[in-house]
Amino acid sequence: MARMKFLCDAERCIECNACVTACKNEHEVPWGVNRRRVVTINDGEPGERSISVACMHCSDAPCATVCPVDCFYTTDDGVVLHDKDICIGCGYCFYACPFGAPQFPDTGAFGSRGKMDKCTFCAGGPEEDMSSIENRKYGRNRLAEGKLPLCAEMCSTKALLAGDGSKVSDIFRERVTYRGAGAMQWGWGVAYDKPGIKSSRSGG
Amino acid sequence: MKKRTISALSSRLALLVCVGLLMTVATPFSGADEAQLPSLVKPLGPANLGVDLWAAVRARSDATSDQHGLSRDTKRNKTTQVRGYDANVLVNQAGETWMSFRNHQMMPKGRDLMIFVLLLMFLFYVFRGSVDDDSDDSGVELQRFSISARMIHWFLAGLFILLGITGLILLYGRTALIPLVGHEAFGVIAWLSKELHNVSGPLFPMMLIFIFLNMVRDNFYERGDLTWIVKGGGFFGGTHPSAGRYNAGEKILFWLTILLGIVISITGLVLNFPVLAVMVLERYPEFEQYRQVMEAMHAVHGVVAMVFICLIFGHIFLATVVVPGTLSGMTSGKVGVSWARSHHNRWYTQMMEKQGKG
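A few points on the structure. (Residues numbered from 1 in each chain as written. Chains lettered and ligands numbered in written order. Predicted model: local features only at pLDDT ≥ 70, side-chain atom pairs only at ≥ 80, totals over all residues. Heavy atoms only, no water.)

### Points about the interface of chain A and chain B
For the record, the criterion: Residues count as neighbours in contact if any of their non-hydrogen atoms are within 4.5 Å of one another. By buried area we mean how much accessible surface two parts lose on assembly, using a 1.4 Å probe and totalling the loss over both. Should a side-chain nitrogen of Lys or Arg be within 4 Å of a carboxyl oxygen of Asp or Glu, the pair is scored as a salt bridge. Here a polar contact means two N or O atoms within 3.5 Å. Within protein one must be a hydrogen donor candidate and the other an acceptor candidate, and residues neighboring in sequence count only if both atoms are side-chain atoms. Secondary structure elements are defined from DSSP: runs of H or I of at least 4 residues count as helices, runs of E of at least 2 residues count as strands, and each element is numbered from the N terminus. Residues are grouped as follows: nonpolar covers Ala, Val, Leu, Ile, Met, Phe, Trp, Tyr, Cys and Pro; charged covers Asp, Glu, Lys and Arg; every other residue, Gly included, is treated as polar. Two strands are counted as paired when DSSP detects at least two bridges linking them.
Across the boundary between the two partners, chain A contributes 47 residues, which contact 47 residues of chain B. Interface area lost by chain A to chain B is led by Arg37(A), Ile88(A) and Tyr95(A), which between them contribute 16%. Taken together, the connections running from chain A to chain B amount to one salt bridge. A salt bridge links Arg174(B) to Asp70(A), with the nearest nitrogen and oxygen atoms 3.1 Å apart. Here chain A is connected to chain B by 17 residue pairs in polar contact (both at pLDDT 80 or more). Looking at the side of chain A that touches chain B, the elements that each hand over two or more residues are strand E2 (37-41), strand E3 (49-53), helix H2 (62-66), helix H3 (92-96) and helix H8 (197-203) of chain A. Among the elements that take part in the side of chain A that touches chain B, E2(A) stands out by supplying five residues, more than any other. Classifying every residue of the side of chain A that touches chain B gives 27 nonpolar, 11 polar and nine charged. Where E2(A) and strand E1 (residues 78-80) of chain B come together, three bridges link them in antiparallel fashion. Across the sheet, Thr40(A) pairs through a bridge with Thr79(B), a residue of E1(B).

Take a look at the structure:
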C-alpha cells in the first residue's frame, strides 16, 4: 500500500490560498473551520516565503496518543482519520498537534467546542466509502474515487504535492536536482538576487 | 607447531603495519595538520540558504534576528488569512512537551499516588483500626454544624465527587473503561463527563467562597494546634491532644481545600473559557501561544486535582471509618457529648459554658 504524504515546496508557493478555498468548497467544511491554511513568513519583506499546511498524517500521531476517547485510526494508506461519533471535542489533539491541524466548530453546549474536524487527505471517515453520511460528516472521499486530494490537484504552481510518499519525494528530488545544489539555487533566491548564489555559480 | 604459530602471528603483524602505513599515506589528514582542512576541501556550494527559512518555520529564537541583528517578534513575522487560535504558528513544539508530560508523567504518577494513598489507608485500617468509639452515648447531643454549613458542605462535596469522577473518566477512561465497554459506549460516557465537568465546574469556585465565609472564623491558628500536630493528633497512641472546635488536622484540611480550590478553579475556568486563555496570553507573552496557556493550565489542573482527590480520600476516611461519631455532625448536625469531650475538649467546655449561661 502507498504511504500518503503532503509536501509543500516553499520555493513555489505563491500564497494564492486556492488550496484553502478548494478544500472548504469540496468538503463543505463548517464555519470557522479551515482544514488547510497558508502561512506566510516575513510577509512583504525580501525573502518572504509561504507554506501551505494541514494535517501531515503523522506515522506516530500525537493527536492519537492524547485522545481521551481513542477515536483516531490510521488507514492502510497511512492516512490519519478520526471517528466523529466518538469524538467529544475536548481539544487535546489541538494542543498536541505540531501543525495545528485539528479544528473545532462552535457547536457544543453553550458554544463550546464541537466535534473535531481536520484534513482527511480526502479519504472520508469510518463510514461506508462515498456514502452520503460520510460525505456529510467528513467531506468527499476522493481517495475511494481514485483521485488525490483536491488542494494539491488545484495548486496552480504545483507547490503542494500529495500522494504516495515515494512518488512525491521523487518529484521533489527531481526539482532539487534541476535547481542545483541546495534548495535555494533556483527559484526565489535567484529571482531576487540573494547574495551568495551568483558567486557560488561562477565558482562552480 | 609453536614455530608455525609464531610465524603466522608475525606475518599478520607485518600485514597490519603495512595497512596502517598505507592508510597514513593515503589520507593526508591523519596527522595533526587538521588546520589545513578548509583550504584543501572546497565546499560543494553555498551553505543551505534555506536554513533561515526552516528555522523561522520552527520559530526558533535564533532565526528571528534580521540582517541588522535586531530580533523580531516571531509571532508577527508569520501571517495567514485564516482566522483561528495560533493559526500563524507553523510548528507547535510545546505540544510534544505537554503530551509527554500528560501521558508519561501525570497519568502514571497520579494513578500511583492515588493507589498509594488508598493502600496506606487500608493498611492503617488493618493495623490500627478505628480509634476508641465514643459514639455510644447517653443520647445527649451537641449542635456542631448549622443547616447552612451542612448544605454548603454537601453541595461542595457532591460537586467534588461529580467533578472528580468525570475528570478521572476523561483522564483514565481510555485505559480503564474502553476495554470494558468499547469505543462507542465510552464515547457517550466521555462526552457526558466532559459536558458535566464543564457545566458544573464553574459552581466550584462559588461553593468555595461560601465554605470559606462559613467556616473561616474557627479555622485560624490557636494555641494548642502545634501540640496537636506534634502529638500526631493522638492517632499513634497516647492521649487525645487538646483541640478547639476544629483540631489542627481539620484546619490544615480547610486551608488546603481553599488553596488547592483556588488553583483548580483558576486553571479550570481558563480551560473552560478560552477567552480567558487569550487574556492570559496577552498579559504574559512568554507563553507565546494560546495552546501553551491551555497546556500549562491543563497540567496544573490535573496535578492539583489528583492531590486534592488524595486529600479528600483522607478526609472521608478519617471522618467515617477512623473516628466514629464524627459523621453525624455533618448529617444530623449533632454530635454526642462524649465524642465532643474527647475529640474537641476545648470546644466542649465552651459549649457547656454557653449552655450553662443560657
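The discussion continues.
### Digging into the sheet that holds E3(A)
In plain terms, the rule: Angular values range over 0 to 180 degrees, each being the angle between N-to-C directions of two axes fitted as lines to C-alpha atoms, with helices fitted over their stretch in contact.
Read from one edge of the open sheet, three strands run E3(A)-E2(A)-E1(B), paired in antiparallel fashion. The open sheet terminates on both sides in strands that have one partner only, identified here as E3 of chain A together with E1 of chain B. For this sheet the average axis-to-axis angle between neighbouring strands, irrespective of direction, equals 30°.

### Quick word on the packing of helix H9 (residues 248-272) of chain B against helix H11 (residues 290-322) of chain B
Residue and element names in this part refer to chain B. Short version of the rule: Orientation categories follow fixed angle ranges, with anything under 35 degrees roughly parallel, anything over 145 roughly antiparallel, 65 to 115 roughly perpendicular, and all other angles oblique. When the near helix sits turned anticlockwise from the far one by under a right angle, the crossing is termed left-handed; a clockwise turn instead gives a right-handed crossing.
Orientation of H9 relative to H11, taken along the N-to-C sense of each, is 150°, at an axis distance of 9 Å. Taken together, the axes of H9 and H11 are roughly antiparallel relative to one another. In terms of crossing hand, the pair formed by H9 and H11 is left-handed. A per-class count over the contact of H9 with H11 returns 17 nonpolar, seven polar and no charged.

### Here we look at the packing of aromatic side chains
Residue and element names in this part refer to chain B. To keep it simple, the criterion reads: When the centres of two rings from Phe, Tyr and Trp lie within 6.5 Å, Trp using its six-membered ring, the rings pair. Their planes under 30 degrees apart give stacked, over 60 give edge-to-face, and anything left gives tilted. Throughout, exposure labels follow a simple rule: accessible area from a 1.4 Å probe, protein chains only, divided by the maximum for the residue type, with under 20% read as buried, over 50% as exposed, and the rest as partly exposed.
One pass over the structure, following the stated rule, counts 15 aromatic pairs over all chains. Taking the centre distance of 6.1 Å and the plane angle of 80° together, the rings of phenylalanine 124 and phenylalanine 317 count as edge-to-face. Here phenylalanine 124 is found in helix H4 (residues 94-127), whereas its partner phenylalanine 317 is found in helix H11, with 193 residues between them in sequence. For the pair phenylalanine 124 and phenylalanine 317, one class covers both residues: buried. Ring centres of phenylalanine 145 and tyrosine 246 lie 6.3 Å apart, and the angle between their planes is 25°; this geometry places the pair in the stacked category. A residue pair is termed long-range when its members are at least 10 positions apart, and phenylalanine 145 in the loop between strand E2 (141-143) and helix H5 (147-176) and tyrosine 246 in the loop between helix H8 (225-230) and H9 qualify at 101 residues. Judged by relative accessible area, which is 8%, phenylalanine 145 ranks as buried.

### Description of helix H1 (residues 18-27) of chain A
All names here are of chain A. Taken as a whole, H1 has its buried residues at Cys19, Val20, Ala22, Cys23, Glu26 and His27. For H1, the secondary structure elements touched by its buried residues are E2, E3, helix H4 (132-138), helix H5 (150-154) and strand E6 (160-164). Phi turns positive, to about 50°, at glutamate 28, one or two residues after H1.

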